[in-house]
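What follows is each chain in one-letter form.
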Amino acid sequence: MPIVLILAFAASLGMHALVLFGPDIDLSTASEPPPLLAELMPPPATEPPPEAPPKRAATAARSRTAKRKPPPPATRPPILSVPDSPAPIPEAESGPTTESAADGLDRLPPAAPPGASARSAQTELATPAAAWRLPARGMIRYRVDRGDQGFEIGRSTHDWDIADGAYRITAVTETSGLVAIFKPLRIELESRGRLTAAGLVPERFVTRRKGLETAEQADFDWTQMQVRVGKRAPQTLNAGAQDLLSFHYQLGLLPELASGTVVPIATGKKYEQYRIEVVGDEDLQTPAGRFRCLHLRVPGVATTELWLAYDRSLLPVKIQHVDRDGAIYVQTATVIETVITPNQEP
């Protein structure tokens with residue numbers, strides 16, 4: 001490939017590196033599903049039954065029917081049919097939204113009263129129902145491609161560890177191959193918090209470049225129900241809020257994901273509501289194996305799509321982002337390693 005194109009890819013990666021994990025999506029232009037229209041119609045007129053054919057013709061018809069066996073009915077697993085799934089996890093209470101109905105977020109539940117979060121599920125200890133669906137320890141390696149033609153520009157590794165009701169998730173992305181020669185880049189994300197009956201409850205999110213923390217971070221104060229993003233003033237925190245990294249793993253813990261949902265996310269630059277749409281079930285071939293996946297989409301001016309593997313605890317085995325300029329970045333799992341402790345067994 002010409003050196004000019006390689007340099008262009010490298011420069012583009014430097015500008016858009018953070019979108020490999022999740023974008024700053026503008027939902028103001030996200031399209032809403034069309035309203036359902038119903039029309040009452042009179043029942044069709046009944047017609048008199050046809051006259052019975054002669055006995056010989058009826059016998060021949062029965063003979064032909066007997067020779068034709070109907071094909072077996074097609075089977076399709078329902079969305080979110082996780083094998084041996086435990087009882088649904090209780091939903092966390094929701095606080096006030098920071099977005100208007102014009103942003104397509106009018107489906108949010110009513111605000112929680114002040115101080116309710118202290119009594120909510122988010123302050124409870126982790127339960128087996130929530131814990132076993134996210135393995136206690138794990139690692140996913142991804143190949144990072146620019147475009148959909150398999151041009152590798154980097155690699156990414158996600159690691160997580162859960163112990164004593166606390167979690168830590170890290171993600172390290174760096175350029176590889178020829179791109180790394182012309183544009184060496186390494187970005188680290190880290191999310192820390194607790195695992196409760198409602199799932200992941202982040203407390204601190206940080207971004208590092210060359211090992212140093214940047215201004216792209218978020219601090220969650222669940223006692224005061226406030227979140228501070230970067231150097232911005234504190235904002236009202238919604239129950240169930242996530243950060244740019246934790247939300248990838250929280251999705252598989254949401255009990256009502258099959259019908260779509262709205263998740264508040266602190267990206268390190270801003271804190272907003274993000275709508276999660278369900279595309280459907282799909283079979284996906286990856287270097288890590290073939291998986292039956294739940295395909296999700298986060299719409300907007302920039303769009304992110306995720307594929308969560310049913311038989312791998314709904315872990316993200318593919319993440320695709322299309323930025324505002326139409327550039328496509330794809331993370332595809334190449335290796336998945338997980339450890340489930342005895343107390344996580346369903």
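Here's what I pulled together on the structure shown here. Computed from a predicted model, the values in this text were never measured in an experiment.

### Digging into a nonpolar patch on the surface
Here comes step 1: A surface patch of nonpolar side chains, about 300 Å² in accessible area, is lined by Leu178, Ile181 and Phe182.
Here comes step 2: As for its placement among the helices and strands, Ile181 is situated in helix H4 (residues 177-182).
Here comes step 3: According to the relative accessible area criterion, Ile181 is exposed, its value standing at 60%.

### Considering the environment of Pro316
Here comes step 1: As for its placement among the helices and strands, Pro316 is situated in strand S15 (residues 315-322).
Here comes step 2: Overall, Pro316 belongs to the buried group, its relative accessible area being 0%.
Here comes step 3: Residues Pro316 and His295, spaced 21 residues apart in sequence, show a C-alpha to C-alpha distance of 9.7 Å.
Here comes step 4: For Pro316, the residues in contact, after removing those within four places along its chain, are Ile140, Tyr142, His248, Tyr249, Trp307 and Leu308.

### With respect to the packing of aromatic side chains
Here comes step 1: Tallied over the full model, the rule gives two aromatic pairs.
Here comes step 2: Note on Trp160 and Tyr249: the rings are 5.3 Å apart at their centroids and 45 degrees apart in plane angle, and the pair reads as tilted. Of the two residues, Trp160 sits in strand S2 (residues 151-163) while Tyr249 sits in helix H5 (residues 247-250), which places them 89 residues apart along the sequence.
Here comes step 3: By relative accessible area, which is 3% here, Tyr249 ends up buried.
Here comes step 4: Each ring, one from Phe220 and one from Trp222, has its centre 6.1 Å from the other, and the planes form 10 degrees; the classification is stacked. The pair Phe220 / Trp222 is uniform in exposure class, with both members buried.
Here comes step 5: Here the guanidinium or amino end of Lys318 rests over the ring plane of Trp307, the centre of that ring lying 4.5 Å away.

Procedures and definitions
- Each chain carries its own residue numbering, running from 1 in the written order of its sequence.
- Totals for whole chains, interfaces and linings use every residue, but because this is a predicted model, local features are given only for residues with pLDDT of at least 70 and side-chain atom pairs only at 80 or more, for both listing and counting.
- Values shown for side chains rest on all heavy atoms present in the structure; no hydrogens or waters enter the calculation.
- Residues form patches when they are more than 30% accessible in relative terms and have no salt bridge. Like charges link within 9 Å. Nonpolar side chains (Val, Leu, Ile, Met, Phe, Trp, Tyr) link within 5 Å.
- Areas reported here follow the Shrake-Rupley algorithm with a probe of radius 1.4 Å; residue values treat only the protein chains shown as occluding.
- One side-chain nitrogen of Lys or Arg within 4 Å of one carboxyl oxygen of Asp or Glu is enough to make a salt bridge.
- Runs of E in the DSSP output that reach at least two residues are strands. Runs of H or I that reach at least four are helices, and both are numbered from the N terminus.
- Partly exposed describes any residue whose relative accessible area lies between the buried limit of under 20% and the exposed limit of over 50%, with all areas from a 1.4 Å probe on protein chains only and scaled to the type maximum.
- Only heavy atoms matter for contacts: two residues are in contact if any of them lie within 4.5 Å across the pair.
- Each aromatic pair joins two rings of Phe, Tyr and Trp (for Trp, the six-membered one) with centres within 6.5 Å, and gets the label stacked for planes under 30 degrees apart, edge-to-face for over 60, and tilted for any other angle.
- By the criterion adopted, a ring carries a charge over it if an Arg CZ or a Lys NZ lies within 6 Å of its centre and within 35 degrees of its normal.

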